[in-house]
Amino acid sequence: MKVLAPKTKSKTFTAAEVRRAIAKAIEEVSRADKPLLRESDSPRIQKRKDGRFEVKKPGAKRASAVTDTQTEAIARAKEIEPNKAPIAKRVRKGPGVKRGTWRKT
């Protein structure tokens, strides 16, 4: 983090300038604590045409893992990215949910 001094000719700062510099530094630090990656960067689990499930990051060409069941795919996604909740495509229709919608696991 870099705090820039206000552009003045003298080397002394007013109380207001110091407060503004401190507030700006605190704001930068609080923004740094937030995760840099969006939720959409979480691994996704989707069913393949052959009936197996694949773990894939959004935008990737190849799957990170291919498993026989969705439960195994969710476990594998948690191994690959332990700090992110994998997103799975709903296989069965639930109450009030459209078929094929994404859900967090």
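Residues numbered from 1 in each chain as written. Predicted model: local features only at pLDDT ≥ 70, side-chain atom pairs only at ≥ 80, totals over all residues. Heavy atoms only, no water.

A. Representation of the overall build of the protein. Along the protein, the regular secondary structure elements total 2 helices and 5 strands. For the protein, the proportion of its 105 residues judged to be buried stands at 19%. As displayed, the protein offers around 8,500 Å² of accessible surface, 53% of which is attributable to carbon and sulfur atoms. (Helix = DSSP H or I, 4+ residues; strand = E, 2+ residues; numbered from the N terminus. Buried < 20%, exposed > 50% of the residue type's maximum accessible area, 1.4 Å probe, protein only. Areas by Shrake-Rupley, 256 points an atom, 1.4 Å probe, with all protein chains shown as cover.)

B. Inspection of the pairing of strand 1 (residues 44-47) at higher detail. One ladder, built from 4 bridges, connects strand 1 with strand 2 (residues 53-56); its direction is antiparallel. By the bridge assignment, Arg-44 is partnered in strand 2 with Lys-56. Where strand 1 and strand 4 (residues 87-89) come together, 2 bridges link them in parallel fashion. Bridge pairing in strand 4 places Arg-44 opposite Ile-87. (Pairing = 2+ DSSP bridges.)

C. Spotlight on the pattern of salt bridges. For the structure shown, the criterion picks out 6 salt bridges. The partner of Arg-48 in a salt bridge is Glu-54, with the nearest N and O atoms 3.7 Å apart. Given the relative accessible area of 32%, Arg-48 is considered partly exposed. Between Glu-81 and Lys-84 there is a salt bridge; the shortest N-O distance is 3.6 Å. Side by side, Glu-81 and Lys-84 carry an identical accessibility label, which is buried. (Salt bridge = Lys/Arg side-chain N within 4 Å of Asp/Glu carboxyl O.)

D. Fine view of the environment of Asn-83. With respect to the helices, strands and loops of the structure, Asn-83 is situated in the loop between helix 2 (70-80) and strand 4. For the pair formed by Asn-83 and Ser-42, sequence separation is 41 residues and the distance between their alpha carbons is 9.2 Å.

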